[in-house]
Structures are given as C-alpha cells and as structure tokens.
Amino acid sequence: MKSEPDVFSFDDLMSRPERTEGWDGVRNYQARNFMRDDMRVGDPVLFYHSNTKPPHVAGLARVASAPRPDRSALDPRSEAFDEKATEEDPRWVLVDVQGIASLERPVALAQMRDNPRLADMPLVRRGNRLSIVPVTDEEFEEVLRMAETPCPPELPLSAGR
DNA sequence: GCCAACGTTGGC
DNA sequence: GCCAACGTTGGC
C-alpha cells in the first residue's frame, strides 16, 4: 500500500492509537476492489513511500479490519469528497491498517527493480500508478530478506492469502 | 521540472 | 461505443 510520506508516513501510522488508521481516500476502482474483494484481516502489508527520494518500502503492517465505507467521500470539506457518494451507497471503501514494525533497512524501488525475483511485482512495473497492488508470499519474504528484517510473528505468511 | 503512463470525462 | 482531451500519479 502506497503513501506519500509528506502526507502520511509509516511513522505517522506507528504513532496512531493502536498503530491503526483507516486507509481512506482511495479513489481508484481497481485499488478499491483490492481492499473490498481480496483483503482479509491479518493479511501482511508492505507500507511503501511514494513520491520521495528514493521511493522505498518503509515498514510492515497488517490488514486490521474488513472493508467498510470510506466516509471521507461524503465530506464536502475532504479532498477525497465524491459528490456521487451517498449514505446509502458511499461508493468507496477502506480497510484499517495496523503498523507492525519498520524495516531494518528500507528497500528502495531501484533495489527491487534490480532483483529478478521481484520482476513480476506490479509495484516495479513501469508506469504502474495503482496505490494498492498485490504481493505474493514469496515476494514479501524476498523484500524482508533485502530489508534484513525477520518476519514478525504477527504476520503469518503461509496462513491466509 | 519533465514526461510517460494511465484513468476519467464527455462530445459525437 | 469510440476516442480525443484532459487530469493525475509518480519515477527520474
């Protein structure tokens, strides 16, 4: 899951109550559908910092709720306001994300591009703009290795997914 | 700052 | 339903 650290960083997540925040503001249907259809509580998450130098994976997190309506779509003062959203059909969803641990060594996008094991990751594909993209267990573990970070017990990789 | 890639909008 | 114009993302 991508976030611009100037807007909301991994450290920001870690300083939230229970290290948890609703992932609001997603306004792309494909990204929304990943949250709505493919995520389960407990799924491991790579927290990626975009639009920064260098872009990198900063930390580990987990999905902490089922998908639920993103009410920022209903708030005219929100940047993520959507005039087509209604109480009956808010159109957009979010999941809660809980921070687990920062990486021993953040993994830069360029490093991931250089790693043939990660060649199939949507994240490293050219022109990819989706703010939420899937990661396989194998890719997740490879990023952990590159980050010299052991897999935290909170992230049961072989269980779900 | 540039620009490639891609999504969305709206005229037809 | 097509597609040109436009806006946004985000790496470089």
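Residues numbered from 1 in each chain as written. Chains lettered and ligands numbered in written order. Predicted model: local features only at pLDDT ≥ 70, side-chain atom pairs only at ≥ 80, totals over all residues. Heavy atoms only, no water.

(A) Looking closely at the overall build of chain A. Secondary structure summary: chain A contains 4 helices and 7 strands in total. Radius of gyration (C-alpha) of chain A: 16 Å, near the 15 Å computed for a compact globule of 161 residues. When the backbone C-alpha atoms are referred to their principal axes, chain A occupies close to 45 × 35 × 25 Å. Once local pairs closer than 6 in sequence are excluded, the contacts in chain A between residues at least 24 apart make up 69%. (Helix = DSSP H or I, 4+ residues; strand = E, 2+ residues; numbered from the N terminus. Rg over C-alpha atoms; globule rule 2.2 N^0.38 Å. Contact = heavy atoms within 4.5 Å.)

(B) View of the pairing of strand β4 (residues 56–63). Within β4, 7 of the 8 residues are buried, which leaves it mostly tucked inside the rest of the structure. Pairing of strand β3 (residues 44–49) with β4 involves 6 bridges; the strand directions are antiparallel. Of the residues in β4, the one forming a bridge with P44 is R62. If you look at the hairpin formed by β3 and β4, you'll find 6 residues sitting between the two strands, and N51 has a positive phi there, around 55 degrees. As paired strands, β4 and strand β7 (residues 96–108) are joined by 7 bridges and run antiparallel to one another. Within β7, the position partnered with G59 by the bridge is S102. (Buried < 20%, exposed > 50% of the residue type's maximum accessible area, 1.4 Å probe, protein only. Pairing = 2+ DSSP bridges.)

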